[in-house]
Amino acid sequence: MATVATRSAAFAGSLEQIGISVEGMTCGSCVARVERAVKALPGVRDVSVNLASERATVSYDPGKTDLSDIDNAIAAAGYSAASEEHKLSIDGMTCASCVARIERAIKAVPGVRDATVNLATEKAQVTALAGTSPADIIAAVAGAGYSARTADGGAGTTAQGDEERQAKAARIEQFHVIAATLLSLPLVAPMLLAILGINLTVPGWLQLALATPVQFWIGARFYRAGWRALKAGTGNMDLLVALGTSAAFGMSTYQLFFDHRMPGMAEPHYYFEAAAVVITLVLLGKWLEGRAKRQTGAAIRALMALRPDTARVLLPDGEEQQVPAGHVRVGHKVRVRPGERIPVDGRVLEGVTSVDESMLTGESLPVAKGVGDAVTGGSINGEGLLLVETTAVGAESVLARIVRLVESAQGSKAPIQRLVDQLSAIFVPVVIAIALATFAGWMMWGASLETAMLNAVSVLVIACPCALGLATPTAIMAGTGVAARAGVLIKDAEALETAHRVNMVVFDKTGTLTEGRPTLVGAVPVDGTARSQLLGLAAGLQQGSEHPLAVAVMAAAEIEQIAPAPVQDMRAIPGKGVGATVSGRKLVLGSSRLMAELGIVTGELDRTAKELEEQGRSVSWLAQISPDKHLIGILGFGDEPKDAARAAIESLHARGIATVMLTGDNAGSARAIANRLGIDHVISNVLPDEKADAVAALRKQGQTIAMIGDGINDAPALAAADVAMAMSTGTDVAMHTAGVTLMRGDPRLVADAIQISQRTYAKIQQGLFWAFIYNVVGVPLAALGYLTPIVAGGAMALSSVSVVANALLLRRWRADASIRP
């Protein structure tokens, strides 16, 4: 689509020049309209638009206008400036307020159209005007107090690098947890021994010596992150922890050095243990949380592990050479031995085998493969020795596309998360205000400075937006991961969230509920026409067509050794049939609707057509429309339902979901198939452009619709539905339109997808409920003095861990046995 815009200095350095790709221009008036719109902006010195290259060159003063203004001006003129996607890995995020701050910073960069930051994946997806520098976006992230780097490497490169960095960070975090625990144990030992009646006093100077490295070495991360947040004019979890523990540490230090007591008086109680233990518990919680978050990414790692590191390439002289898989190119011939993983996408040139594609499609049974069949990189070769011609490598392989799709879904943001982010943005300031009010309230109530300070510290420590920020993205990651394992690829989080509300599923018939391989089961000519003549004319009209019915006609003609009639002026009649000229006669082959529109009398074969339709057969009519109009004959086609279709419908009905068949086939045939499968409603005789209207009409009745299709003609209806699901056995157009791709032609996957969505949304609701309840209950208890800082710290750590662990339970999901007979 887009060519990247270029920038350069111009006019003595006071102006900048940028080249922008403009989409949608068709003529000279478009050029003039774009130039006028951009030139009207303040600070724009010159605009030149080239229609041939579809580029606009703009010289402007960045102090008076910016890329966003130019982008908006082009859009207001009725065109669009090309955009590009940037992916960033973000370091330093700790809670949901961090997410909101980074998104605001990125969106403030001129040229950025949208930005989505995911706390669980620690990734940012940025849509920006072409020409927006990634360095500017990274600088904006740094200005917000975090660090970022581009994550646009080749397939697997970025994921592997991120995994190594995460492993290193986990090791450092684990060391800090162990060190903090060892230093904190002597501080809490007196409390633990007191339960057993043992009185042990640790001198104040020793408490200070033990607590100081925990506070200022191991806990330095909280000060650094909190300070960055303050500089950015906001707050985060680290600031709350730093403030709370510093207050406890500072109060104890003051008591140690300045609270002079009479000789013989007992040493006062210090709160070094509170500060140290809170930091230890928070670090422990973050370490456990990190481990759990890494488990949510197991689906991506499992997919990446499918790709072999090497391949055996067959050289021109017949010798085999083992090379890195990344060095294989399209057209190379690769030898695959029994039991090995197939290293590339390709086509079988030699050999017969069975291939295990379960990790890609979720299908447990091996699939038979022979010469001419396609094989997918990452699948496991069975018992045969194969020679495979490479058809796709690297980023274009099926495995790489699946990984990108899962990564995109895991990095996207569900609609419910946007509300949570808005709440999280004001969370920290509100908590600090509550802590100050708690301190003031206790002092006014007549409590000691020590009591007021401890209760305020408890408020700061227990309040944590982490659980709020993690509830949705961790559930999305776990849900999309388990879906991919089952053969359901979810393109974005919105589709996953919306699918849980689906109460009506609309199926296309051919290729979705049926095998999609119709056969000719009847050819009945009118009196005076031979059957061979009917079939020859029909085959002539279907030459070159890839439509399933055309394939069936050509196959029947070949079996019966009937040569297709020579035709001229072939033309398609969209959604209705085809037309051509044969020996000066104009013929049409098509549906009953086409016959009615052309005024063709079908009376003598109406009974035959009805009988075929009652048997679930599709019918096509062959007629002459010039020099005179008359019927030549009728063709009947059979397309058997898929073995799993009835089980799929029964599974949906068991969940209270209504089913509809939407097809261009005739009413009798559609109703016969629907009755065999148990489908509730049938909408038949629908042209491709009418399918979208039919789906829209169902939505207007208050239904939440999932549309299932596999063909080009299903794309408008897929786009009109609330949730679109495409069979991977269908066309790329359908899969591009759909938010969910079913990796094999099994309609039972529809029920799986909906059930995964329902489970995932339930986990989101549970996580958000407990996160809100935790804060709603915990903060008042802390303010009223019912929680000590240590208990508050433990509760805060437990909240995030419990939310993530609950989301991980999704990984145990399996398809119901009831739909796997």
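Residues numbered from 1 in each chain as written. Predicted model: local features only at pLDDT ≥ 70, side-chain atom pairs only at ≥ 80, totals over all residues. Heavy atoms only, no water.

Below, the discussion takes up the confidence of the model for the chain. The pLDDT averaged across the chain works out to 81; a share of 87% of its residues lies at or above 70. The weakest mean pLDDT in the chain belongs to strand 1 (residues 7-10) at 43; the strongest belongs to strand 20 (residues 504-507) at 94. A low-confidence stretch, residues 153-158 stays under pLDDT 50, and its non-local contacts, those more than four residues away or across chains, total eight contacts. (pLDDT = per-residue confidence, 0-100. Helix = DSSP H or I, 4+ residues; strand = E, 2+ residues; numbered from the N terminus. Contact = heavy atoms within 4.5 Å.)

Turning our attention to the sheet that holds strand 19 (residues 488-490). As summarised here, the arrangement of the seven strands in space is 19-31-30-29-20-27-28, forming an open sheet in which the pairing is mixed. Unpaired on one side and paired on the other, strand 19 and strand 28 (681-683) mark the two borders of the sheet. Direction aside, the axes of adjacent strands within the sheet are offset by 20° on average. Along the sheet face, helix 24 (residues 688-700) touches strand 20, strand 27 (658-662), strand 28 and strand 29 (705-709) and points at about 155° away from the line of strand 29. (Pairing = 2+ DSSP bridges. Axes fitted to C-alpha atoms, helices over the stretch in contact; angles between N-to-C directions.)

Once that is clear, we can look at the nonpolar core. Residues Ile90, Met93, Ile106, Val505, Met725 and Val750 are the most contacted members of the largest nonpolar core, which totals 124 residues. If one sorts the elements of this core by residue count, helix 27 (residues 748-783) sits on top with 14 residues. The two domains that each donate at least three residues to this core are domain 2 (85-153) and domain 3 (166-306 + 399-501 + 722-820). Apart from residues no more than four positions distant in its own chain, Met93 is found in contact with Cys98, Val99, Ile102, Val117, Asn118, Leu119, Glu122 and Tyr146. In terms of nonpolar packing, the next biggest core, distinct from the first, is built from 24 residues, Leu537, Ala557, Val578 and Ala580 among them. (Core = buried A, V, L, I, M, F, W, Y, C linked by side-chain atoms within 4.5 Å. Buried < 20%, exposed > 50% of the residue type's maximum accessible area, 1.4 Å probe, protein only. Domains from an automatic or database assignment.)

This paragraph deals with the sheet that holds strand 11 (residues 320-324). Strand order in this open sheet of six strands is 11-10-12-18-13-16, and the pairing throughout is antiparallel. Two strands close off the open sheet at either side, each with one partner strand: strand 11 and strand 16 (374-375). In terms of strand pairing, strand 10 (residues 310-314) meets strand 12 (residues 333-336) through two bridges, oriented antiparallel. For Arg312, the partnering residue across the bridge sits in strand 12 and is Arg335.

Turning our eyes to something else, we now look at the UniProt feature "transmembrane region" (unreviewed entry) in the chain. Annotation from UniProt places "transmembrane region" (unreviewed entry) at residues 175-198, 204-223, 235-257, 269-288, 423-445, 451-471, 767-784 and 790-810. Annotation note: span residues 767-784, helix share 94%, strand share 0%, distance between end C-alpha atoms 26 Å. Strand forms 0% of residues 790-810 and helix 90%; the C-alpha atoms that close the span are 32 Å apart. (UniProt positions renumbered as here; feature names shortened; annotations may be inferred.)

Taken together, the side chains of Leu419, Leu423, Phe769, Trp770, Phe772, Ile773, Val776, Val777, Leu781, Leu784 and Tyr786 present a nonpolar region at the surface, about 1,100 Å² in accessible area. At the level of elements, helix 13 (415-425) and helix 27 are the ones that each hand at least two residues to the nonpolar patch. The topology assignment puts Val777 in helix 27. A relative accessible area of 42% places Val777 in the partly exposed class. (Patch = residues over 30% accessible without salt bridge, like charges linked within 9 Å, V, L, I, M, F, W, Y side chains within 5 Å. Areas by Shrake-Rupley, 256 points an atom, 1.4 Å probe, with all protein chains shown as cover. Salt bridge = Lys/Arg side-chain N within 4 Å of Asp/Glu carboxyl O.)

It is a general feature of regular strands that their side chains alternate between the two faces of the sheet. Burial runs high along strand 23 (residues 577-582): five of the six residues are buried. Direction of pairing for strand 22 (residues 568-573) relative to strand 23: antiparallel, over a ladder of four bridges. Paired with Arg571 across the bridge in strand 23 is Gly579. Taking the residues that link successive antiparallel strands as the turn, the strand 22-strand 23 hairpin has three residues, and the phi of Gly575 there is positive, at about 75°. Strand direction decides the pairing type here: strand 23 and strand 24 (residues 585-590), joined by six bridges, are antiparallel. Along strand 24, the bridge assignment pairs Ala580 with Leu587. The hairpin turn running from strand 23 into strand 24, its antiparallel successor, is two residues long, and Ser583 in that turn takes a positive phi close to 50°.

All right, on to the environment of Gln322 then. Its place among the elements puts Gln322 in strand 11. You can call Gln322 exposed: its relative accessible area is 51%. Contact partners of Gln322, with chain neighbours within four places excluded, come to Thr310, Ala311 and Arg312.

Take the side chain of Gln624 next. The residue Gln624 is located in strand 25 (residues 618-626) in this model. Within the structure, the side chain of Gln624 is placed 2.6 Å from the side chain of Arg585, a separation counted as a polar contact. Here Asp628 takes part through its side chain, which lies 2.5 Å from a polar atom of the side chain of Gln624. Leave out the neighbours within four places in its chain, and Gln624 touches Arg585, Lys586, Leu587, Ile600, Lys629, His630 and Ile632. (Polar contact = N/O pair within 3.5 Å; in protein donor to acceptor, adjacent residues only side chain to side chain.)

The next point concerns the packing of helix 22 (residues 645-654) against helix 27. Relative placement of two packed helices is described by the angle separating their axes and the distance separating the axes. The N-to-C vectors of helix 22 and helix 27 enclose an angle of 30°; their axes lie 7 Å apart at closest approach. Overall, the two elements helix 22 and helix 27 adopt an arrangement that is roughly parallel. Packed against helix 22, whose contacting residues are Ala647, Ala648, Ser651 and Leu652, the element helix 27 presents Arg748, Val750, Ala751 and Ile754 at the interface. Considering only residue class, the contact of helix 22 with helix 27 consists of six nonpolar, one polar and one charged. (Parallel < 35°, antiparallel > 145°, perpendicular 65-115°, else oblique. Nonpolar A, V, L, I, M, F, W, Y, C, P; charged D, E, K, R; others polar.)

Right, let's get into the environment of Val38. Mapping Val38 onto the fold places it in helix 1 (residues 28-39). With 39 residues separating them in the primary sequence, Val38 and Ala77 have C-alpha atoms 8.9 Å apart.

Time to look at the pattern of salt bridges. If you walk through the whole model with that rule in mind, you get 21 salt bridges. Of the charged contacts, one joins Arg607 and Glu611 as a salt bridge, the two residues approaching to 3.7 Å between their closest N and O atoms. Pair noted here: Arg607 and Glu611 are both in helix 21 (residues 606-614), with a separation of four residues, about one helical turn. On the basis of relative accessible area, Glu611 is assigned to the partly exposed category, the value being 38%. A salt bridge links Asp746 to Arg744; the shortest N-O distance between them is 3.9 Å. The buried category is assigned to Asp746, whose relative accessible area is 7%.

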